[in-house]
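Below, each chain spelled out in residue letters.
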Amino acid sequence: MSPVALYIQLAHLLAKQIEDGKFKPRQPVPAAVCLLRERDLVVTLPGRGSYVAERKP
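In this numbering scheme, every chain counts its residues from 1 along its sequence in written order. Thresholds applied to this predicted model are a pLDDT of at least 70 for local features of residues and 80 or more for the giving and counting of side-chain atom pairs; totals over whole chains, interfaces and linings are not thresholded and use all residues. Based on all heavy atoms of the structure, the side-chain values leave hydrogens and waters out of the count.

Caption draft 1: Inspection of the layout of surface pockets at higher detail. Only protein atoms enter the calculation, which uses a 1 Å grid: trapped sets of points that fit a 1.4 Å probe without letting it out are cavities, open sets showing protein on both sides within 12 Å along at least five of seven lines are pockets, and any residue with an atom within 4 Å of a point is a lining residue. Grid points are joined across faces, edges and corners, and a volume is the space filled by probe spheres set on the points. Of the pockets and cavities examined, the largest pocket occupies roughly 150 Å³. What lines the largest pocket is L10, L13, L14, Q17, K22, F23, P30, A31, A32, L35 and L36. Counting only elements with at least two residues in the lining of the largest pocket, the list comes to α1 (6–19) and α2 (32–38). Helix numbers and strand numbers start at the N terminus; a helix is a DSSP run of H or I with at least 4 residues, a strand a run of E with at least 2. Element by element, the count of residues in the lining of the largest pocket is highest for α1, at four residues. The nonpolar class holds Ala, Val, Leu, Ile, Met, Phe, Trp, Tyr, Cys and Pro. Asp, Glu, Lys and Arg form the charged class, and all remaining residues, Gly among them, are polar. Considered class by class, the residues forming the lining of the largest pocket number nine nonpolar, one polar and one charged.

Caption draft 2: Focus on the pairing of strand β2 (residues 49–52). The criterion for strand pairing is that DSSP finds at least two bridges linking the strands in question. Bridge count between strand β1 (residues 42–45) and β2: four bridges; the pairing is antiparallel. In the strand pairing of β2, L45 is matched with G49. Connecting β1 to the next strand, β2, in antiparallel fashion are three residues, including G47 with a positive phi near 80°.

Caption draft 3: Structural context of the pattern of salt bridges. Should a side-chain nitrogen of Lys or Arg be within 4 Å of a carboxyl oxygen of Asp or Glu, the pair is scored as a salt bridge. For the structure on display, the rule yields one salt bridge. Across the pair K16 and D20 runs a salt bridge, and its minimum N-O distance is 2.8 Å. Assessed through its relative accessible area of 47%, K16 is described here as partly exposed. Burial classification: accessible surface area is computed with a 1.4 Å probe over protein chains only, and a residue below 20% of its type maximum counts as buried, one above 50% as exposed, and the rest as partly exposed.

Here's what the structure looks like:
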């Protein structure tokens, strides 16, 4: 496991993809929470924040 925090690794990855032209100006970038929500790993409660979802059997 890397000694660098995951959120820093993610920021570096997104920066590289932007620099490489994968994301264009004014194009939305994927939010980590959105990606985790798509995988049913987190739930977002309006006005309260995002939380780890209950595990499915």
